Number of protein chains: 2
Amino acid sequence: MPRPFSLSNPLTISAVLFPNFELLDVYGPLEMFGVLKDRVSITIIAEFSGEIASSCGPRGVADLKIADAPAADILLVPGGIGTRIEVENTSFLNALRIQAEKAGIVASVCTGSALLAKAGFLDGKRATSNKIAIDWVMAQGPRVHWVREARWVEDENLFTSSGVSAGMDMSLGIIEVLFGLDVSLEIARFAEYTWHRDKSVDPFANLQAPDLAN
Amino acid sequence: MPRPFSLSNPLTISAVLFPNFELLDVYGPLEMFGVLKDRVSITIIAEFSGEIASSCGPRGVADLKIADAPAADILLVPGGIGTRIEVENTSFLNALRIQAEKAGIVASVCTGSALLAKAGFLDGKRATSNKIAIDWVMAQGPRVHWVREARWVEDENLFTSSGVSAGMDMSLGIIEVLFGLDVSLEIARFAEYTWHRDKSVDPFANLQAPDLAN
């Protein structure tokens, strides 16, 4: 369970974009939160405001620069092949760490946890990441207690999920913590989504890596 | 199986945006296709080029006006609350119908099938939609053979899915038809997505509607 904190009404969610982010890492969780309609307010933030291309082309739009954004109830950090560049982007990582430290809940999807790890935010905490790239992710945070098998991991106010689709399951898990199980089930029903609810069951751990780059 | 047609290399995908589109209807399918990397080329099209807000706020960016866009191998039509306005937008529907008639495969998610129905493209064809709004969708196309229970429906080169998340399952189904089962399984594995592969099994048909607008 997260440490106690007070939520805004509406709940504020800041989702971080960077060049070559993974589409579903961002928009899967935002779909689940977005069904809450007037109960949430979503802001897209990035190192620079404006349009940002995902790894497969389609662009999102950042409303605010990450350095200018106010504290959020939930900070969402996606993964994607662009993380390989961003782990070397010191000014971005510094701003990310400041955002994470002032957020109510910090939630990462896939290799988003590599960014938080390299920013130093995960030191001493339990976290996971996607299963194809986990060795690379672990190398970004040698003082993190990495969990190799979990759909998602909760450590106080930190939620980290496995690869891509796991972000939707984690988001419904966060909604359960904040609003109760009935609300999560209602959202899953609206989105016709079969929620993988048990965070400890990981169908994708310990499989052979497919022939696809992350 | 789709009627015979020749595919481009790379496969061209045009995804249609309109104001108040549903995020996951668009980006779930594009995630699955996007994992094919250099084998696909994704273009976002809309009535007007530029930024377009989804129903929960985050904006996408249209590369081209729908009336100017070349024929696509796959035309993807999402749903969302914005369909309630667009079914009255004759110039948009005319352009959508022209795009659909020249596409190799036409694929809709959720209430996207209401747009195709109102445009007259579904007359005499089998199609489905999401389960919460299906009575409204059916009213948009009285000459369509609507299927009330299916994860997705295939009728020659037309693929229509149930609500929101079903678009990801349908997309993996289209990829299976075009590239083979192994490729679909590889993509699902990469995205850590538990593919609902049987299009006839619909866990969300015949349930009571939740207390959420579509």
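Located above this text is the structure these notes cover.
These numbers come from a predicted model, not from an experiment.

Of regular secondary structure, chain A possesses seven helices and eleven strands. Against the 2.2 N^0.38 benchmark of 17 Å for 214 residues, chain A shows a C-alpha radius of gyration of 16 Å, consistent with a compact globule. Taking the principal axes of its C-alpha atoms as reference, chain A extends roughly 40 × 40 × 35 Å. Per-residue burial over chain A gives 62% buried out of 214 residues. Within chain A, contacts between residues at least 6 apart in sequence are counted, and of these 67% link residues at least 24 apart. If you sum the accessible surface of chain A, you get close to 7,700 Å²; carbon and sulfur atoms cover 50% of it.

Attention shifts here to the relation of the copies chain A and chain B. Each copy superposes on the other: chain A lies on chain B with an RMSD of 0.0 Å after a rotation of 180° and an axial shift of 0.0 Å. Considering both components of the superposition, the chain copies are consistent with a two-fold axis. Relative to the rotation axis, the C-alpha of Gly60 of chain A is the closest in chain A, positioned 2.6 Å from it. Interface overlap between copies: 100% of the residues of chain A at the interface are likewise at the interface in chain B, consistent with a symmetric, same-surface contact.

Residue and element names in this part refer to chain A. On inspection of all chains with the given rule, the structure shows 18 salt bridges over all chains. One salt bridge connects Arg143 with Asp123, and the closest N-O pair in it is separated by 3.4 Å. Of the two residues, Arg143 sits in the loop between helix 5 (134–139) and strand 9 (145–146) while Asp123 sits in the loop between helix 4 (112–118) and strand 8 (126–127), which places them 20 residues apart along the sequence. Relative accessible area serves as the criterion here: at 57%, Arg143 is assigned to the exposed category.

This next bit is on the pairing of strand 10 (residues 152–155) of chain A. All names here are of chain A. Along strand 10, one buried face is formed by Trp152 and Glu154 and the opposite face, lined by Val153 and Asp155, is buried too. In the sheet, strand 10 pairs with strand 11 (residues 158–161) via four bridges, with the strands oriented antiparallel. What sits directly across from Trp152, in strand 11, is Ser161. Between strand 10 and strand 11, which follow one another and run antiparallel, lie two residues, and Glu156 among them has a positive phi close to 55°.

All right, on to the interface of chain A and chain B then. Of the residues lining the interface, 48 residues belong to chain A; the matching set on chain B comes to 48 residues. The contact between chain A and chain B buries some 4,200 Å² in all, and 60% of this surface belongs to carbon and sulfur atoms. Summed over the three residues of chain A that lose the most area to chain B, namely Arg189, Phe190 and Glu192 of chain A, the buried surface amounts to 21% of that side. Linking chain A with chain B are two salt bridges. Residue Asp63 of chain A is joined to Arg59 of chain B by a salt bridge in which the shortest nitrogen-to-oxygen separation is 2.4 Å. Our count for the chain A to chain B interface comes out at twelve residue pairs in polar contact (both at pLDDT 80 or more). For the side of chain A that touches chain B, the secondary-structure elements that each account for two or more residues are helix 1 (23–34), strand 2 (40–46), strand 4 (59–62) and helix 7 (181–190) of chain A. Take the side of chain A that touches chain B: its biggest share by element is eight residues, from helix 1 of chain A. Broken down by class, the residue content of the side of chain A that touches chain B amounts to 26 nonpolar, ten polar and twelve charged.

Let us look at the packing of aromatic side chains. In this structure the tally under the stated criterion is five aromatic pairs over all chains. Here Tyr27 of chain A and Tyr27 of chain B contribute two aromatic rings whose centre-to-centre distance is 4.1 Å and whose plane-to-plane angle is 20°, an arrangement assigned as stacked. Note that Tyr27 of chain A is positioned in helix 1 and Tyr27 of chain B in helix 1 (residues 23–34), a pairing that runs across two chains. Residue class for Tyr27 of chain A comes out buried when judged on its relative accessible area of 2%. Through successive ring pairs, a cluster of aromatic residues spans Phe21 and Tyr27 of chain A together with Phe21 and Tyr27 of chain B. The aromatic ring of Phe121 of chain A is capped on one face by Lys125 of chain A, whose charged end is 3.7 Å from the ring centroid. For the cation-ring pair, Arg84 of chain B lies above Trp136 of chain B, with the distance from its terminal atom to the ring centre recorded as 4.1 Å.

All names here are of chain B. An ideal rise of 1.5 Å per residue puts 18 Å on 13 residues; helix 3 (residues 90–102) measures up with 19 Å between its terminal C-alpha atoms. All of the buried residues along helix 3 are Phe92, Leu93, Ala95, Leu96, Gln99 and Ala100. In an axial view of helix 3, the angular spread of the buried residues amounts to 165°, which keeps them on one side of the axis. Projecting away from the buried face of helix 3 at angles above 90 degrees are the exposed residues Thr90 and Ile98. The secondary structure elements touched by the buried residues of helix 3 are strand 1 (11–17), strand 2 (40–46), strand 6 (74–77), helix 2 (83–86), strand 7 (105–108) and helix 4 (112–118).

All names here are of chain A. For helix 7, the complete set of buried residues consists of Val183, Ser184, Ile187, Ala188, Arg189 and Phe190. Taken together, the buried residues of helix 7 touch helix 1 and helix 6 (166–179). Trailing helix 7 by a residue or two, Glu192 shows a phi angle of about 50°, which is positive.

Our focus in this paragraph is the state of the cysteines. The full count for this structure, using the stated rule, is zero disulfides over all chains. Not engaged in a disulfide, the cysteine Cys56 of chain A finds its nearest cysteine sulfur in Cys110 of chain A; these two sulfurs lie 13 Å apart.

A few words now on the nonpolar core. Counting residues in each nonpolar core, the largest one holds 140 residues, and the members touching the most others are Leu30 of chain A together with Leu30 of chain B. Setting aside its immediate chain neighbours within four residues, Leu30 of chain B contacts Leu23, Cys56 and Pro58 of chain A together with Ile13, Ala15, Ile42, Ile44 and Leu76 of chain B.

Attention shifts here to the packing of helix 1 of chain B against helix 6 (residues 166–179) of chain B. Residues and elements named next belong to chain B. Here helix 1 crosses helix 6 at 30°, and the two axes come no closer than 8 Å. Classified by the angle their axes make, helix 1 and helix 6 are roughly parallel. Considering how the two elements wind past one another, helix 1 and helix 6 form a crossing that is right-handed. From helix 1, Leu24, Gly28, Pro29, Met32 and Phe33 reach across to helix 6, where they touch Gly167, Met168, Ser171, Leu172, Ile174 and Ile175. For the contact of helix 1 with helix 6, the class distribution of residues is eight nonpolar, three polar and no charged.

Criteria and cut-off values
One numbering rule holds for all chains: residues counted from 1, following each sequence as written. Throughout, the order in which chains and ligands are written sets their labels, letters from A for the former and numbers from 1 for the latter. In view of the model being predicted, local features appear only for residues whose pLDDT reaches at least 70, and side-chain atom pairs are presented and counted only at 80 or more, with totals across whole chains, interfaces and linings using the full set of residues. The side-chain figures draw on all heavy atoms in the structure; neither hydrogens nor water molecules are used. Counting from the N terminus, the helices are the DSSP runs of H or I reaching at least four residues and the strands are the DSSP runs of E reaching at least two. In this description the radius of gyration comes from C-alpha coordinates, and the expected globular size is given by 2.2 Å times residues to the power 0.38. Think of it in three bands: with a 1.4 Å probe and only protein chains considered, a residue is buried below 20% of the maximum accessible area for its type, exposed above 50%, and partly exposed in between. Residue contacts are counted whenever heavy atoms from the two residues lie within 4.5 Å of one another. Every accessible area reported is derived by Shrake-Rupley at a probe size of 1.4 Å, with residue values counting cover from the shown protein chains alone. Residues reaching a pLDDT of at least 70 in both copies supply the C-alpha atoms on which the copies are superposed by least squares. A pair is scored as a salt bridge if a Lys or Arg side-chain nitrogen falls within 4 Å of a carboxyl oxygen belonging to Asp or Glu. In this description, strands pair whenever DSSP reports at least two bridges between them. Buried surface area refers to the total accessible area, computed with a probe of radius 1.4 Å, that the two partners give up upon joining, counted for both partners together. Pairing of N or O atoms within 3.5 Å defines a polar contact, subject to two protein rules: one partner must be a possible hydrogen donor and the other a possible acceptor, and residues neighboring in sequence count only if both atoms are side-chain atoms. Residue classes follow a fixed rule: Ala, Val, Leu, Ile, Met, Phe, Trp, Tyr, Cys and Pro count as nonpolar, while Asp, Glu, Lys and Arg count as charged, and any other residue, Gly among them, counts as polar. When two rings of Phe, Tyr or Trp (its six-membered ring) have centres within 6.5 Å they constitute a pair, described as stacked for plane angles under 30 degrees, edge-to-face for angles over 60, and tilted for the intermediate range. Both a distance and an angle decide whether a charge sits over a ring: NZ of Lys or CZ of Arg must be within 6 Å of the ring centre and within 35 degrees of the ring normal. The length a helix should cover is 1.5 Å for every residue beyond the first. The directions considered for the arc are those from the helix axis to the C-beta atoms. Two cysteine sulfur atoms form a disulfide, by the criterion used here, when they sit within 2.5 Å. We define a nonpolar core as any set of buried Ala, Val, Leu, Ile, Met, Phe, Trp, Tyr and Cys residues linked to one another through side-chain atoms lying within 4.5 Å. Angles run from 0 to 180 degrees between N-to-C directions of axes, and those axes are lines fitted to C-alpha atoms, restricted for helices to the stretch in contact. Throughout this description, any angle smaller than 35 degrees is read as roughly parallel, any larger than 145 degrees as roughly antiparallel, any in the 65 to 115 degree range as roughly perpendicular, and the remainder as oblique. Handedness of a crossing is defined here by the sense of rotation of the near helix relative to the far one, left-handed for an anticlockwise turn of less than a right angle and right-handed for a clockwise turn.

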